[in-house]
Amino acid sequence: MQTRHLHYLLITALGAVFFIPFIGSSHLFDWDEINFAESAREMILTGNYATVQINYQPFWEKPPLFFWMQVLSMKLFGVFEAGSSFSPEFGARFPNAIIGIITLLVFYHIGKKLYNPKFGILWVLGYVGSFTPHLYFKSGIIDPTFNLFIFLGIWFLSQSLSITGTFLTPHKKRYAMLSGLFVGLAILTKGPVGGLIWGLTFVTYWGVNRFSKQILLDALKPVFIAIGIAFLVACIWFGLSIYQNGWGLFLEFIQYQIRLLTTGDAGHEQPFYYHFLVVLVGCFPISVLAIRAMMPTRDVYQANIEAELFKKWMLYLFWVVMILFTIVKTKIVHYSSMAWFPVSFLAAYHVYQILEGQWKWSKWVSFGLIFIGCTMAIALTAVPLVGQYATQIIPYIKDDFAVANLQAKVTWNGWEQYIGLSYLVGVVVLVWQHKIKELYLLTAICLFLYSAIVVRKIEGYSQRAAISFYESLKGQDVYVEPIGFKSYAQLFYFQKQPNQPLRTEAYLLNEPHLDKPAYFVMKITADSATKANPNLQLIKEENGFLFYKRK
């Protein structure tokens, strides 16, 4: 077998080993994971694949492409069929595991094209062996898929524009069309922000080159071709939605996107440096390694014009994402996850230069890797210890809900903290010896073990009591609703069926003659007046949640 084919097979196996096992071992997490999986479940039940729904009502926040992927996965594994050996959680998360494998193959292919197979492998190992990039491929949220489409859109645009001249050669046209295809898929995945990031990255490229008239002329035809293709791809759903539902749902979708960019959701208004901190800590170790490659340097690979140009595109993309989502009022971890792609490339660039003997190892890199790595290792070690010694820690916690969470009956074996401690020792030893590839593998193994063993236990404290209650009512003809907090878990885990009447919270709490029983879930921190409602009968209290039934 040829070496290049072997590399692709090994990378596929690497992704499958790290991203697929245990993805169904813990419940989906509120909000996003359950939100998206519920939309896919409702598509299956209603047979309506053109309109995204939540609680069987139009959901204008997201286009449907990722939900279609989840639908295919759920149907493929029969997760809602009796006797299925696959859980709904597995079906919801499996698409991102596949996207993760494809992403690694894309990195290797591009790295090999720009430099050589060694660079491609460094890029792959860096992404597998970093915290948030690794963990997101084991999740059921939209962003890993969205980010891959945006990245490919920018890659093919950069390839198109690397062919100078206003004449539209076949290669230039093909790259432009592929760029538009992937931007269109990104828009179908998460909305117009996909086109916005792509467009701002091109404008940054043009602006850095002093808004050169020649660059504009060279780019005019490819950019318009890409925009046209992206528009046609996006119309697959937007046009169908407008045809079926009129302009109302589409206008609500656009209004939501504008509101998301200009106003902050409650609880998600963070300081301006939030995303920089998230990327620095969350993308360890590639975040530390990427910093040097962001600085102006006299590189020995200046003769490799294509590679150096793409490095600039990665810098443009990084700063577009970071500045854009710093400006956006609502700040959530995955909003800046698109920046992880250029960060991973720049880290691979740095390590490659060192391995080729062109750059020397910096003591500041060692300091950054050890400081952040040890901080992460201490956090990984602390979580199991908090669970094991909850009784001793509770007196020092002032949050009533957190105290009640820690009283959950979660079984610890007593050795889980050694995952973090082993990682701490490994980080220090490997950084001291300048063994970065080994550090990547150590991080990937640590995250694999942690997600398989510890995350499931963490979920036992945070939400399992409420989800178990919803599951206990599955199949019964009842109402079940959370009161005082936002959740989608009651829809997915109760498996609410279509064609049921919508009832407001006030109606369910106060209507004298309900047509069927109603159950409610509150947090112990809920408003005392609501908890004292004379129509409610407390069934039980468990791990910070109160469970009621209408009298």
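The preceding data block contains the structure.
The structure presented is a predicted model; accordingly, all values stated were derived computationally and were not measured.

Undergrad: Just to check I follow, could you spell out the overall build of the protein chain for this structure?
TA: Looking only at helices and strands, the protein chain features 25 helices and six strands. Here the protein chain has a C-alpha radius of gyration of 25 Å; the compact-globule value for 551 residues is 24 Å, and the two agree. Each principal axis of the C-alpha distribution contributes one length, and for the protein chain these read about 80 × 60 × 50 Å. Across the 551 residues that make up the protein chain, the buried fraction comes to 53%. When contacts within the protein chain are restricted to residue pairs at least 6 apart in sequence, long-range pairs at least 24 apart make up 75% of them.

Undergrad: Can you walk me through the state of the cysteines in this structure?
TA: As used here, a disulfide is simply a covalent bond connecting the sulfur atoms of two cysteines. Scanning the model with the defined rule gives zero disulfides in all. We note that C446 lacks a disulfide partner, and the nearest cysteine sulfur, in C374, lies 12 Å from it.

Undergrad: I keep staring at the packing of aromatic side chains and nothing clicks. Help me out?
TA: Centre distance and the angle of the planes are the two values used to describe a pair of aromatic rings. Applying the stated rule across the entire model yields 56 aromatic pairs. Arranged with centres 5.3 Å apart and planes meeting at 45°, the rings of F151 and F341 form a pair that is tilted. Residue F151 is found in helix α7 (residues 143–161), and its partner F341 is found in helix α15 (residues 340–355); the two are separated by 190 residues along the sequence. A relative accessible area of 0% means that F151 is categorised as buried. Ring plane angle 50° and centroid distance 6.0 Å describe the contact between F325 and Y335, whose orientation is recorded as tilted. Within this pair, whereas F325 is found in helix α14 (residues 305–327), its partner Y335 is found in the loop between α14 and α15, the two being separated by 10 residues in sequence. In this structure, F325 and Y335 share a single accessibility class: buried.

Undergrad: Would you mind going over the layout of surface pockets with me for this structure?
TA: Rolled over the atoms, a probe with the dimensions of a water molecule shows which regions are left empty. For the second largest pocket, the calculated volume is near 300 Å³. Taken together, the elements giving at least two residues each to the lining of the second largest pocket come down to α8 (170–190), α9 (193–208), α10 (213–245) and α11 (247–262). By residue number, the principal contributor to the lining of the second largest pocket is α10, which donates eight residues.

Calculation criteria
- Residues numbered from 1 in each chain as written.
- Predicted model: local features only at pLDDT ≥ 70, side-chain atom pairs only at ≥ 80, totals over all residues.
- Heavy atoms only, no water.
- Helix = DSSP H or I, 4+ residues; strand = E, 2+ residues; numbered from the N terminus.
- Rg over C-alpha atoms; globule rule 2.2 N^0.38 Å.
- Buried < 20%, exposed > 50% of the residue type's maximum accessible area, 1.4 Å probe, protein only.
- Contact = heavy atoms within 4.5 Å.
- Disulfide = S-S within 2.5 Å.
- Phe/Tyr/Trp six-rings, centres within 6.5 Å; stacked < 30°, edge-to-face > 60°.
- 1 Å grid on protein atoms, 1.4 Å probe; cavity = no way out; pocket = protein on both sides within 12 Å on 5 of 7 lines; lining within 4 Å.
- Points joined across faces, edges and corners; volume = space filled by probe spheres on them.

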